[in-house]
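These are the residues of each chain, in order.
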Amino acid sequence: MSQAHARHKAHQEALQQLGKELARRSKSRCELCDANTALAAYEVPPVPESPQLETTLFLCEDCLRQIEKPETLDPNHWYGLQEKVWSEHPVVQVMAWRILQHLKQETWAQDLLDQLYLD
């Protein structure tokens with residue numbers, strides 16, 4: 001097994017270990033849209049060497065698919081970000097802000113961005 005493959009495998013195992021904490025933090029719901037089906041860990045770039053709870057989200061397949069291909073963002077799906085930008089978890093706030101940046105053409109998204117202040 002190559003070193004790169006071994007590092008990748010170790011990274012994936014460490015990410016799986018975060019699963020229980022992610023489920024607890026998110027109450028087993030998508031941290032961006034509140035769906036409760038097919039949840040997976042998603043590391044918000046830039047990805048650290050070892051997975052960390054502070055940089056990882058629990059997301060549904062729909063959110064994950066749209067995040068990985070921003071040109072497919074469905075503004076109606078993301079309307080709930082109006083609550084998520086005020087989350088107590090900075091990683092949720094950051095991801096919500098990044099998505100809103102792609103949705104600036106939507107009046108509601110631009111209004112929300114205008115209200116936001118993140119450290």
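## Structural notes on the pairing of strand β2 (residues 56–59)
At step 1: Of the two faces of β2, the one holding T56 and F58 and the one holding L57 and L59 are both buried throughout.
At step 2: As paired elements, strand β1 (residues 40–43) and β2 share four bridges and run antiparallel to each other. Across the sheet, the residue bridging to Y42 is L57, located in β2.

## Some remarks on the packing of aromatic side chains
At step 1: On inspection of all chains with the given rule, the structure shows one aromatic pair.
At step 2: Measuring from ring centre to ring centre gives 5.0 Å for Y79 and W108, while their planes differ by 70°; the resulting arrangement is edge-to-face. Pair noted here: Y79 is in the loop between α3 (61–68) and α4 (81–84) and W108 is in helix α6 (residues 107–115), with a separation of 29 residues, a long-range link.
At step 3: Overall, the relative accessible area of 17% leaves W108 in the buried class.

## Notes on the nonpolar core
At step 1: The biggest cluster of nonpolar side chains holds 26 residues, and the ones touching the most others in it are L32, L59, W78, I99 and L100.
At step 2: Of all elements in the fold, only β2, α3, α5 (90–102) and α6 reach the threshold of two or more residues within this core.
At step 3: Looking at which element gives the most residues to this core, the answer is α5, with six residues.
At step 4: Setting aside chain neighbours within four positions, we find L32 in contact with L57, L59, C63, I67, W78, L81, K84, V92, M95 and I99.

What counts, and where the lines are drawn
- Residues numbered from 1 in each chain as written.
- Predicted model: local features only at pLDDT ≥ 70, side-chain atom pairs only at ≥ 80, totals over all residues.
- Heavy atoms only, no water.
- Buried < 20%, exposed > 50% of the residue type's maximum accessible area, 1.4 Å probe, protein only.
- Helix = DSSP H or I, 4+ residues; strand = E, 2+ residues; numbered from the N terminus.
- Pairing = 2+ DSSP bridges.
- Phe/Tyr/Trp six-rings, centres within 6.5 Å; stacked < 30°, edge-to-face > 60°.
- Core = buried A, V, L, I, M, F, W, Y, C linked by side-chain atoms within 4.5 Å.
- Contact = heavy atoms within 4.5 Å.

Purely geometric stuff here, so don't read any function into it on its own.
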